[in-house]
Amino acid sequence: MADQYENLMEKIVSLSKRRGFVFPGSEIYGGLANSYEYGPLGVELKKNIQDEWWNAFVRRRSDMVGLDSSIILHPKVWEASGHVAGFSDAMIDCKNCKTRTRADHLVEDYLEEHGTDPAKYRIPDVFDPAGSGFSGREEIETIVKSGKVEGLKEQQFDSLIQWFKVPCPTCGKFDWTPVRKFNLLFETHIGIVPEAQSKAYLRGETAQGIFVSFKNIVDSSRVTLPFGVGQLGKSFRNEITKGNFIFRTLEFEQGEIEYFFDPEADDWQKLFEEWKKSLWDFVTGDLRIRTENLRWREHGDEERSFYSKRTEDLEYRFPFGFKELWGLAYRTDYDLTQHQKYSGLDLSYQDPATGKRIVPHVIEPAVGINRLMAMVLLDAYAEEGDRVVLKLPPRIAPYKAAVFPLLRNKEELVGKAREVYEGLRKKFLVAWDDRGNIGKRYYAQDEIGTPYCITIDFDTLEKGDVTVRDRDTAAQERIKIEDLEDFITKKLS
Ligand code: GAP
């Protein structure tokens, strides 16, 4: 299991920096919280995960098309979507150490540490429902039992924090400001026009770009309902929270799909189940994540957005608990209707066969590629004897193979190895290593997830074959040089 190793997260953070997957953001200036740089291996791994996503959900499906919309959209987009008014987190400040914390994380972490049995907590017997923000004891007990408090009102957080005497996780004191809402959208300004007119936002989700282009997609392509639009790209959120490595960052890559359908022609529950299966198959099949580390969790009424009829999160067991990996929501016709209202344009869809006009409904699967990458690294990590192995699926591993000359001071071995290396590089990303003994070179490649190590030795010069060593089993076999490309290609299929 992913968390069988003590300090697994620390090990992944350290390996990522040491081997060039992920570096702390702006490190030479003392760092920037919740930001990271993707190094030479990290950028390859991330790109491979993106490619898997794009191939699985856009290219291989006849009911999907792709889009690449702007990061900066017209500011009215975010008014229409509700982000300007409501895209916020409840925050609380510690008056003693000045640390700002997300109120939901504060209470959830506290419940996780102290348990979710309501009997353990001092919930007042007599309290003022209006003053506390809760309707009664039953509501509070249900929340405590669930361990989930996302979506509560400021006043409700204040009550829980007061009743449970939740201390500051940084300094341990109990000296809080009231809970307040902070908007997560990053504001920016365009050009030199007066400030009020120039205000714009970096997109908080890629989804809105899809709704904004809906009419153009329908008018320019031969899509008919039901169909989906997939988009990969950066989103930005002013996250003031402990980020847990690349799990939660200020900027991140999203992979979002809006799947449009006519609710009278298609059963939304059936489509929802089909999407659940597609996401599960992708995570357990393409990314080969262990099923025991995954679960579905349905949002309760308090947590679910007001426009959503059903929301389920596919959660992964990160070292800091089961957390959202992928959100799946039935957003009804909320977004297109809002954009009709704010733009004044008709965004309805006309059925080419019947002429019927409707505003389509959508089911939205939304994931963070960086979060997928964090999961992939954690799930692939293994310690076997004195070696560390990243058991990445070969298709997403940064290097598909590494080529070694047995000895670095034998010109004929180095020359032959170079030939093999250059040949394979035309097709795959391949590593070269001629330092230290072969055992050390194997271990160095294991740690970065290279599935195959190819050694050129004296027999190669005579017989034209090489030793290929498998990362996961450490088994070795001899393969002809001319068969190497086929051998690797088959392993990637
Ligand atoms: N359009 C819906 C939407 O954006 P969300 O649950 O806020 O929904 C979708 O985000 C996914 O994006 C999440 O499940 C998560 O994988 C990823 N995500 C959200 N915020 C993130 C952050 N600050 N850093 C990394 N990934 C994030």
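Residues numbered from 1 in each chain as written. Predicted model: local features only at pLDDT ≥ 70, side-chain atom pairs only at ≥ 80, totals over all residues. Heavy atoms only, no water.

Here the focus is the sheet that holds strand S21 (residues 452-456). Strands sit in the order S20-S19-S21-S22-S23 across an open sheet of 5 strands; the sheet is mixed. The open sheet is flanked by strand S20 (430-432) and strand S23 (476-480), the only strands paired with a single partner. Looking at each pair of strands side by side, their axes are set apart by 30° on average, direction ignored. Judged from the 3 bridges that link them, strand S19 (residues 401-405) and S20 form a sheet pairing that is parallel. Bridge pairing in S20 links Val403 to Trp432. (Pairing = 2+ DSSP bridges. Helix = DSSP H or I, 4+ residues; strand = E, 2+ residues; numbered from the N terminus. Axes fitted to C-alpha atoms, helices over the stretch in contact; angles between N-to-C directions.)

On to the pattern of salt bridges. Under the criterion given, the structure shown has 47 salt bridges. With a closest N to O distance of 2.7 Å, Asp93 and Arg100 form a salt bridge. The residue Asp472 makes a salt bridge to Arg471 at a minimum N-O spacing of 2.7 Å. Exposure remark for Asp472: the relative accessible area of 31% places this residue in the partly exposed category. Look at Arg471 and you get buried, because its relative accessible area is 2%. Salt bridges here are not isolated pairs; linked through shared partners, they connect Asp89, Arg102, Asp104, Glu239 and Arg248. (Salt bridge = Lys/Arg side-chain N within 4 Å of Asp/Glu carboxyl O. Buried < 20%, exposed > 50% of the residue type's maximum accessible area, 1.4 Å probe, protein only.)

Let's shift gears to the domain arrangement of the chain. Domain assignment breaks the chain into domain 1 (8-86 + 185-381), domain 2 (89-182) and domain 3 (399-492). Here the C-alpha centre of domain 3 lies 57 Å away from the C-alpha centre of domain 2. (Domains from an automatic or database assignment.)

Turning our attention to unusual backbone geometry. Leu225 connects to Pro226 through a cis peptide bond whose omega is -5°. Here Pro226 lies in the loop between helix H11 (214-220) and strand S9 (227-236). Backbone geometry at Thr332 places phi at a positive 50°, although glycine is not the residue there. Tracing the backbone through its elements, the reader meets Thr332 in strand S13 (residues 321-332).

Around the ligand, 20 residues are found, and the nearest of them are Glu205, Arg237, Glu256, Glu324 and Leu325. Contact between the ligand and Glu256: a nitrogen atom at 2.4 Å from a side-chain N or O atom of the residue. The fraction of the free accessible surface of the ligand (550 Å²) that becomes covered by protein chains is 89%. Of all elements in the fold, only strand S10 (251-261), S13 and strand S16 (361-368) reach the threshold of two or more residues within the shell around the ligand. The element best represented in the shell around the ligand is S13, accounting for 5 residues. Per-class residue counts for the shell around the ligand are 7 nonpolar, 4 polar and 9 charged. (Near = heavy atom within 4 Å. Polar contact = N/O pair within 3.5 Å; in protein donor to acceptor, adjacent residues only side chain to side chain. Areas by Shrake-Rupley, 256 points an atom, 1.4 Å probe, with all protein chains shown as cover. Nonpolar A, V, L, I, M, F, W, Y, C, P; charged D, E, K, R; others polar.)

Here we come to the nonpolar core. Among the nonpolar cores identified, the biggest contains 58 residues, and Trp53, Trp326, Leu372 and Met375 are the most heavily contacted of them. Ranked by the residues each element gives to this core, the list is headed by helix H14 (residues 369-380), at 9 residues. When residues no more than four places from it in sequence are discounted, the contact partners of Leu372 are Ile49, Phe282, Leu287, Leu325, Trp326 and Val367. Counting 25 residues, the second largest nonpolar core, distinct from the first, contains Ala103, Leu111, Ile123 and Phe157. (Core = buried A, V, L, I, M, F, W, Y, C linked by side-chain atoms within 4.5 Å. Contact = heavy atoms within 4.5 Å.)

We now examine the side chain of Lys276. Mapped onto the elements, Lys276 comes out in helix H12 (residues 268-286). Leaving out residues up to four positions away in the same chain, Lys276 has contacts with Trp296, Arg310, Glu312 and Leu328.

Let us look at the packing of aromatic side chains. Given two aromatic rings, one states the distance between the centres and the angle between the planes to describe the pair. Scanning all chains against the criterion turns up 28 aromatic pairs. Between Phe57 and Trp326 the ring centres are 5.8 Å apart and the planes differ by 75°, which places this aromatic pair in the edge-to-face class. Of this pair, Phe57 sits in helix H2 (residues 40-59) while Trp326 sits in strand S13; the two residues are 269 residues apart in sequence, bridging distant segments of the chain. Since its relative accessible area comes to 3%, Phe57 is described here as buried. When the ring of Tyr121 is compared with that of Phe164, the centres are 4.6 Å apart and the planes differ by 35°; the resulting orientation is tilted. With Tyr121 in the loop between helix H5 (103-114) and helix H6 (129-132) and Phe164 in helix H8 (residues 154-164), the pair connects residues that are 43 residues apart, well separated along the chain. (Phe/Tyr/Trp six-rings, centres within 6.5 Å; stacked < 30°, edge-to-face > 60°.)

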